[in-house]
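Now for the letters of each chain:
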Amino acid sequence: MSGAAHERAGAAAQVPDVDALVAAFTDAFGGEPEGVWAAPGRVNVIGEHLDYNGGPVLPMALPQVTVVALRRRDDEEIHLLSASDLGEEDARWSGSLSGVGPGTPQGWAAYPAGVLWALREGGPPYDAAATGVDAAFASTVPIGAGLSSSAALECAVAVAAADLAELPHDDQGRAVLAQRCVRAENDVAGAPTGGMDQAAALRTEEGSALLLHTADSTVEQVPFDLARAGLVLLVMDTRAKHSHAGGEYGDRRATCEAAATTLGVEHLASLAGPTGGTSDEPGPLGDDESAAADEETLSALEDDVARCRVRHVLTETRRVRRVVELLRGASADDIGAIGPVLTASHASMRDDYEISSPELDTAVDAALSAGALGARMTGGGFGGSAIALVRSGDVEAVETAARSAAADAGHPEPAFYLAVPSRSAHRLR
Ligand code: GLA
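The sections below set out a description of the structure shown in this document. Computed from a prediction, not measured in an experiment: that's the story for all the values here.

## So, the packing of aromatic side chains
Part 1 of the argument: On inspection of all chains with the given rule, the structure shows 3 aromatic pairs.
Part 2 of the argument: With 5.0 Å between their ring centres and 70° between their planes, F25 and F29 make a pair best called edge-to-face. With F25 and F29 both in helix α1 (residues 18-29) and 4 residues apart, the pair spans about one turn of that helix.
Part 3 of the argument: Relative accessible area serves as the criterion here: at 17%, F29 is assigned to the buried category.

Given below as C-alpha cells:
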C-alpha cells in the first residue's frame, strides 16, 4: 500500500503529539496537567438513524483520537484551549461552570463545557466530577467529516473528569458517562443527536465493532477481523462538510417520533419484527414476508414521506441484524458477504431516508464500480464520509476511482483513511 498512504491511517494509532500538547497547556495555564486522556472518532458499520428509534447500531472506534490535557481547579472557572483546529471558532474559551447551560457557550467549547454541566445536572455520583478545569485539546479526528469529532471531544473530558474524581468508568459507568455526553450535545450544543457516537467512543473494544441496542443501552462486542479476510474498510471523506445542529437531522427525528406516536409504539424499530432474516437467506434486504409486513405497517401512515422514513428504519433494523449474524457466523472467507447489505443500506438512505448527497453517492458508486464489495454513507448524512468494504489489493483502484469521479463531478477531492477497529477512551498519562 503506497501511493496516497499519507492520507490514510493504518493500524498504528493516530495520536496527536502529546508532548506538544502538554507544552501548550503549560504555556497557557502554567504548571502541569494532572493527566492526559484520549477518546476516538468512529465510523458506523451499519444501522443509521436507528439510535433515536430504539434500534440496533454497529459502530466501531477509529485510531484517530481527540486528546485532552486536563487539571481540576478549586473554583468554578473553565479555561479551554484548542491546540489544534477544533473548528472555526476562537482557540480559547473561558467562563464559569455556573454560566454553562442550554445554548451557552457556543462553538466547540459547548462540548467540553457542556459535559461538565451535564455531569453536575445528572446528580450523584458523577456530579462529583463536575469541577472547574484548565484543559488543552488536540485532535486527529477530522472535523466535519461525519467521524464524530464532537463525541470524541465530549468523551475525552468525561473520562478525564471521572478518572480524576475516582468514579468508576467500567462499562456500566461508561454507559452513564455516555448519557451525560449526549445531554451536553443535545442541551448545550443544541444538536438533537442520538447516543451512538458517545457509546462508540466509550464502550468499544479493540478489534470489535460495538452492537449497541439503543432501546436499553446494552452492548455486545462483535469481532470484526477484516484483515484476516484480506479486506479493509476504507473511509472516504468527501470533504463536503456537514453539521447536525441544522434542521434536516432534527426533521428526520421529529418525523420518526410522530410516526411512532401514530403507530402506537415507543420506538419504531420495535416494528421490525422479532428476528428478521435467517442465515440461509440470499438477499441483503430480508425476505418478501418482511417487506409485506412492512407495507401493512406503513399503510397506517397517511403521509408518503413518513412512510419512506419508517420503511428505512424497519429495513435498516433488519440489515443490522443480518450483518451481525453474518459476522458472527463468518469464517475468514465470507466476511465479504456483508458487502451487499452495506450497499442496500446506502440505497435506503439515499431513496427512503433522503440523507445522502451527490458527493456521497458519487463516492459510493465509484467504489462499487472499482470492485468494492459494498459501500454506504456513514453517520448522520448530508455530507461527511462514506465507507467501502474493499479487498486489500483493490484499495488503490477504489481510491483512484473515487478521486477521479469526484473531480469529474466538480466535487472536492476526497481524503481516505483505513478504519481499523480501535480502543475506546483511555488515559495516556
Ligand atoms: C449522527 C448522530 C448519531 C446518529 C447518526 C446517524 O452521527 O450523532 O446519534 O443518529 O448521526 O446514525
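## Digging into the site of the ligand
Part 1 of the argument: Taken together, 13 residues lie around the ligand, and E48, H49, D51, D197 and Y249 are the ones closest in.
Part 2 of the argument: Between an oxygen atom of the ligand and a side-chain N or O atom of E48, the distance comes to 2.6 Å.
Part 3 of the argument: G194 places a polar main-chain atom, nitrogen or oxygen, 2.9 Å from an oxygen atom of the ligand.
Part 4 of the argument: The fraction of the free accessible surface of the ligand (300 Å²) that becomes covered by protein chains is 98%.
Part 5 of the argument: Within the shell around the ligand, the residues separate by chemical class into 3 nonpolar, 6 polar and 4 charged.

## A short note on the environment of T193
Part 1 of the argument: Along the chain, the position of T193 falls in the loop between α4 (171-188) and α5 (196-203).
Part 2 of the argument: Note on T193: relative accessible area 4%, which makes it buried.
Part 3 of the argument: A C-alpha to C-alpha distance of 7.6 Å links T193 and Y52, two positions 141 residues apart in sequence.
Part 4 of the argument: Reaching out from T193, the side chain makes a polar contact with the side chain of E185 at a distance of 3.0 Å.

## Concerning the nonpolar core
Part 1 of the argument: Counting residues in each nonpolar core, the largest one holds 73 residues, and the members touching the most others are V43, L58, F224, L233 and M236.
Part 2 of the argument: If one sorts the elements of this core by residue count, helix α8 (residues 304-329) sits on top with 8 residues.
Part 3 of the argument: Grouped together as the second largest cluster of nonpolar side chains are 44 residues, I78, A109, A135 and A425 included.

## Let's talk about helix α11 (residues 395-409)
Part 1 of the argument: The terminal C-alpha atoms of α11 lie 21 Å apart, and with 15 residues this matches the ideal 21 Å at 1.5 Å per residue to within 8%.
Part 2 of the argument: In this structure, the buried side of α11 is in contact with β8 (231-237), α10 (358-369), β10 (385-391) and β11 (415-418).

## Here we look at α10
Part 1 of the argument: For α10, spanning 12 residues, the distance from its first C-alpha to its last is 16 Å, which sits close to the expected 16 Å at 1.5 Å a residue.
Part 2 of the argument: Buried within α10 are the following residues: L360, D361, A363, V364, A366 and A367.
Part 3 of the argument: Once α10 ends, the next one or two residues include G371, with phi positive near 110°.

## A word on the packing of helix α3 (residues 149-164) against α5
Part 1 of the argument: Put simply, α3 and α5 touch, their axes get as near as 9 Å, and they point 50° apart. Classed by the angle they form, the pair α3 and α5 counts as oblique. Remark: the crossing between α3 and α5 carries right-handed chirality. Across from A151, E154, C155 and V159 in α3, the residues of α5 making contact are D197, Q198, A201 and L202.
Part 2 of the argument: Of the residues assigned to the contact of α3 with α5, the class counts are 5 nonpolar, 1 polar and 2 charged.

## Describing the pairing of strand β1 (residues 35-46)
Part 1 of the argument: Taken across its 12 residues, β1 has 12 buried, putting it largely inside the fold.
Part 2 of the argument: Examined bridge by bridge, β1 and strand β2 (residues 56-72) share 10 bridges and lie antiparallel to one another. Among the inter-strand pairings, V43 is bridged to a residue of β2, identified as M60.
Part 3 of the argument: Pairing analysis gives 2 bridges linking β1 to strand β12 (residues 426-427), with the strands arranged antiparallel. Looking across to β12, one finds that A38 is bridged to H426.

## Digging into the pattern of salt bridges
Part 1 of the argument: Applying the stated criterion across every chain, the model contains 29 salt bridges.
Part 2 of the argument: The shortest N-O distance in the salt bridge between D163 and R427 comes to 3.6 Å. In this pair, D163 is assigned in helix α3 and R427 in strand β12, connecting sequence segments 264 residues apart.
Part 3 of the argument: Between R253 and E257 there is a salt bridge, with its nearest N and O atoms 3.0 Å apart.

Conventions adopted
Residues numbered from 1 in each chain as written. Predicted model: local features only at pLDDT ≥ 70, side-chain atom pairs only at ≥ 80, totals over all residues. Heavy atoms only, no water. Phe/Tyr/Trp six-rings, centres within 6.5 Å; stacked < 30°, edge-to-face > 60°. Helix = DSSP H or I, 4+ residues; strand = E, 2+ residues; numbered from the N terminus. Buried < 20%, exposed > 50% of the residue type's maximum accessible area, 1.4 Å probe, protein only. Near = heavy atom within 4 Å. Polar contact = N/O pair within 3.5 Å; in protein donor to acceptor, adjacent residues only side chain to side chain. Areas by Shrake-Rupley, 256 points an atom, 1.4 Å probe, with all protein chains shown as cover. Nonpolar A, V, L, I, M, F, W, Y, C, P; charged D, E, K, R; others polar. Core = buried A, V, L, I, M, F, W, Y, C linked by side-chain atoms within 4.5 Å. Expected span 1.5 Å × (residues − 1). Contact = heavy atoms within 4.5 Å. Axes fitted to C-alpha atoms, helices over the stretch in contact; angles between N-to-C directions. Parallel < 35°, antiparallel > 145°, perpendicular 65-115°, else oblique. Left-handed = near helix turned anticlockwise from the far one by under 90°. Pairing = 2+ DSSP bridges. Salt bridge = Lys/Arg side-chain N within 4 Å of Asp/Glu carboxyl O.

By themselves, these are just geometric observations and shouldn't be taken as functional.
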